[in-house]
Amino acid sequence: MDVLKDLLLVCESVIDTLKKGVQERRGFARPLQIVAFHWYGTHECLEIRGRLLINKGIRPASTDDTILDNIVNMYKRMESDELPGVKLIPSHQDEQAQTVSDEEGYFRVTIRPKDPIDEQKLWYDIGLHVSDQKLGKTQNIGRVLVPSKESSFGVISDIDDTVIETGITSLFETLGNTFLKNASTRLPFIGVKEFYN
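Report on the accompanying structure. (Residues numbered from 1 in each chain as written. Predicted model: local features only at pLDDT ≥ 70, side-chain atom pairs only at ≥ 80, totals over all residues. Heavy atoms only, no water.)

Structural notes on a negative patch on the surface
Together, D158, D160, D161, E165 and E173 make up a region of like negative charge exposed at the surface. Mapped onto the elements, D158 comes out in the loop between β9 (136–145) and α3 (171–180). (Patch = residues over 30% accessible without salt bridge, like charges linked within 9 Å, V, L, I, M, F, W, Y side chains within 5 Å. Areas by Shrake-Rupley, 256 points an atom, 1.4 Å probe, with all protein chains shown as cover. Salt bridge = Lys/Arg side-chain N within 4 Å of Asp/Glu carboxyl O. Lys, Arg positive; Asp, Glu negative; His and termini not counted. Charge placed at Lys NZ, Arg CZ, Asp CG, Glu CD. Helix = DSSP H or I, 4+ residues; strand = E, 2+ residues; numbered from the N terminus.)

Rendered as structure tokens:
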């Protein structure tokens with residue numbers, strides 16, 4: 001199984017390299033997208049993670065989306081064009097750091113503020129900036145959760161079959177939920193909101 005996985009990764013890498021070469025030769029460039037993941041930190045350090053991708057113009061999910069809209073958007077999400085080796089500068093207040101995206105476009109960086117952060121807040125914004133000669137400039141905001149020092153426990157939860165039903169016991173139901181529905185049309189289990197509250 002590991003041999004097959006390694007072979008698929010090599011094939012993906014070759015295809016990505018060929019596609020990138022063709023796009024560069026034709027002068028074809030699409031805008032860069034910084035995908036920032038909600039992450040966590042402490043009062044001493046803020047960690048942010050995310051991914052650098054070619055922006056495929058996926059619109060936010062809507063209850064008005066057709067089945068074709070959902071299929072096209074799911075394909076765009078699965079067939080991502082990652083951007084490796086791109087320098088990214090995260091910043092919080094006057095503090096800056098620097099990182100470079102890995103071979104799959106992922107980045108991870110920690111900022112250690114010199115001044116104490118506001119302990120009354122729960123979420124902290126991290127500015128994310130890219131300025132690249134070939135890709136141009138773009139920015140986004142990443143959000144970092146810092147629990148209160150008075151917190152006695154945390155809840156770490158999955159979403160699939162915990163908050164929303166995936167139909168994992170039925171192949172056709174799972175495929176239907178994945179490709180034919182979206183974040184606005186997949187409803188949570190009854191009572192989930194009340195349970196988490």
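With respect to the packing of aromatic side chains
In total, this model carries three aromatic pairs according to the counting rule given. Note on F37 and Y106: the rings are 6.4 Å apart at their centroids and 50° apart in plane angle, and the pair reads as tilted. Of this pair, F37 sits in strand β1 (residues 32–37) while Y106 sits in strand β7 (residues 106–111); the two residues are 69 residues apart in sequence, bridging distant segments of the chain. With a relative accessible area of 36%, Y106 lands in the partly exposed category. With 5.4 Å between their ring centres and 25° between their planes, W39 and Y40 make a pair best called stacked. Here W39 falls in the partly exposed class, since its relative accessible area comes to 21%. (Phe/Tyr/Trp six-rings, centres within 6.5 Å; stacked < 30°, edge-to-face > 60°. Buried < 20%, exposed > 50% of the residue type's maximum accessible area, 1.4 Å probe, protein only.)

Considering the pairing of strand β3 (residues 46–54)
When you tally the buried positions in β3, you get eight out of nine residues, the bulk of the element. Bridge count between β1 and β3: six bridges; the pairing is antiparallel. Following the sheet pairing, V35 is matched in β3 by R51. Note that β3 and β7 share six bridges and pair antiparallel. Residue pairing in the sheet places R51 in a bridge with Y106 of β7. (Pairing = 2+ DSSP bridges.)

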